[in-house]
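As a plain string of letters, each chain reads:
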Amino acid sequence: MKAGVRKAVLAYSGGLDTSIIIPWLRENYGCEVIAVTGGVGQDDELDGLEEKALASGASKVYIEDLRDEFIRNYIFPTMRAGAIYEGRYLLGSALSRPLIAKRMVEIAEMEGADALSHGCTGKGNDQVRFELTFKAMNPKLRVIAPWREWDIRSREQAIAYAQKHNIPCTVTEEKIYSNDTNLWHRSSEGGILEDPWKAPPDNLFEIVTPPEKAPDNPEAVQIDFEKGIPVGVEGERLSPLEIMIRLNRIASRNGIGIVDMVENRLVGIKSRGVYETPGGTLLYAAHREIESLVLDADTLHFKESLAPKYAELVYYGKWFTPLREALDGFVTSTQKHVTGTVKLKLYKGNVMIAGRQSPYSLYREDYATFGEDDVYDQKDAEGFINCFGLPLKVRAMLKLNGTGSTDYDHPDYSIFKRD
Ligand code: ARG
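Scoring rules and cut-offs
- Residues numbered from 1 in each chain as written.
- Predicted model: local features only at pLDDT ≥ 70, side-chain atom pairs only at ≥ 80, totals over all residues.
- Heavy atoms only, no water.
- Helix = DSSP H or I, 4+ residues; strand = E, 2+ residues; numbered from the N terminus.
- Buried < 20%, exposed > 50% of the residue type's maximum accessible area, 1.4 Å probe, protein only.
- Contact = heavy atoms within 4.5 Å.
- Areas by Shrake-Rupley, 256 points an atom, 1.4 Å probe, with all protein chains shown as cover.
- Lys, Arg positive; Asp, Glu negative; His and termini not counted.
- Charge placed at Lys NZ, Arg CZ, Asp CG, Glu CD.
- Phe/Tyr/Trp six-rings, centres within 6.5 Å; stacked < 30°, edge-to-face > 60°.
- Lys NZ or Arg CZ within 6 Å of the ring centre and 35° of its normal.
- Expected span 1.5 Å × (residues − 1).
- Core = buried A, V, L, I, M, F, W, Y, C linked by side-chain atoms within 4.5 Å.

## Thoughts on the overall build of the protein chain
From N to C terminus, the protein chain includes 13 helices and 14 strands. For the protein chain, the C-alpha atoms occupy an extent of roughly 85 × 60 × 45 Å along the three principal directions. Burial status across the protein chain gives 46% buried among its 419 residues. Expressed as a percentage of contacts within the protein chain between residues at least 6 apart in sequence, the contacts between residues at least 24 apart total 73%. Total accessible area on the protein chain is roughly 22,000 Å²; 52% of this is exposed by carbon and sulfur atoms. When the 51 basic and 62 acidic side-chain charges of the protein chain are each reduced to a single mean position, those positions are 4 Å apart.

## Structural notes on the packing of aromatic side chains
Each aromatic ring pair is summarised here by two numbers: the centre-to-centre distance and the angle between the ring planes. Scanning all chains against the criterion turns up 13 aromatic pairs. Look at Tyr85 and Tyr315: their rings are 3.6 Å apart centre to centre, the planes differ by 10°, and that puts the pair in the stacked class. Note that Tyr85 is positioned in the loop between helix H3 (67-80) and helix H4 (92-111) and Tyr315 in helix H9 (residues 297-315), a separation of 230 residues in sequence. Residue Tyr315 is classed as buried on the basis of its relative accessible area, which comes to 0%. Summarising the aromatic geometry, the rings of Trp184 and Tyr284 are spaced 6.2 Å apart at their centres and angled 45° between planes, so their arrangement reads as tilted. Linking Trp184 in the loop between strand E6 (178-181) and strand E7 (186-189) with Tyr284 in helix H8 (residues 278-294), this pair joins segments that are 100 residues apart in sequence. One exposure class covers both Trp184 and Tyr284, and it is buried. If you follow Arg129 out to its NZ or CZ, it ends over the ring of Tyr315, 4.8 Å from the centre. Across from the ring centre of Trp319, 3.8 Å away, lies the NZ or CZ of Arg324, which sits over that ring.

## Concerning H3
The end-to-end C-alpha separation of H3 is 18 Å, in line with the 20 Å expected for 14 residues at 1.5 Å each. Taken residue by residue, H3 has Phe70, Ile71, Tyr74, Ile75, Phe76, Pro77, Thr78, Met79 and Arg80 as its buried positions. Following H3 by one or two positions, Gly82 adopts a phi angle in the positive range, close to 70°.

## Notes on the nonpolar core
Of all hydrophobic cores here, the largest spans 72 residues; its most connected members are Leu91, Trp184 and Leu282. For this core, the element with the highest residue contribution is H4, accounting for nine residues. By size, the runner-up hydrophobic cluster in this structure holds 28 residues, among which are Leu10, Tyr12, Ala53 and Ala162.

Here's what the structure looks like:
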């Protein structure tokens, strides 16, 4: 028996792994176990969870509805930052971990627990994300990560352990993929996907309709933003939760939001993942479109340069850090005028922009027009180009007058000559 723990708070999903952790903790640490489930939109997975946790030996169960907080304080800020990991991943799993971990620490403090535990394996990113948040919130709580400690090595061994301990375990059949589902996304890893040359089979997709099975007619949708935050769909003002539900539905049926990628995990492993992020894909596209109207070039370009850094912080689990907070300060300041409406056209996996408008738009038709205008004097461009191109001109003159040669070879026309 390992000593020193009285009461542990466990991140509990109801799956096989976290179910066997309950008896394992009791057996190996002799402690009481409080199961905490962070509800972030994994809806059908929540059914019967409380009974299951209690039947597995938990002394108390918390099923927390974190959906609103998840969207408002984690998803939307990251979307506003335009953060995308390695150019593709919209960070769905990475975003939920700090929130769930924060709630676990709060419950541990409320319950006078002295340890925190999770079911993440020692090969993934999630262990890092949970534990960085634990450290940021309360470094005094001990962390128990059974996957890094026990000698259960396979699913079969886990099932055997469950049976031996009378843990309700319905999933005896071969589980093919490792999935993580919430309001923002569903990830799939493992199984056949471990071969990066193999395409994901159609039956892998549970949220998004494969594009070739999507309707033959395009569908239109309008999204409203205020200060960079989505506030309505089709002109109807909705809560963040309602917005996500609506957009997920419409994007899913049109085959939108599938990403298949090989990504770099924190622990040094390259891994192949398939993501379904339907509504999120619409939001990123639409939000970016309003920014194109209202942000000046310098701010837009600088903001774009920060987005990969923001994404990296989220992916690395560094949510509760001064840098992430400072970046949010910058992003918030840029969003003052990111208010307006975007029209999208959805068609078999594609998102097309059908229109954008904002009361703060810096776009001026009178300047941009190819027709006649009376605001822009084309003669001004000549002086501008003379100054803008002056360094190029000076360098070229040096080459011609100073050294008498240019950097470029004259073309060899002789090869075209016929004899
Ligand atoms: N690779 C993705 C990430 O690191 C997804 C992880 C999904 N987690 C899981 N326990 N299945 O964010």
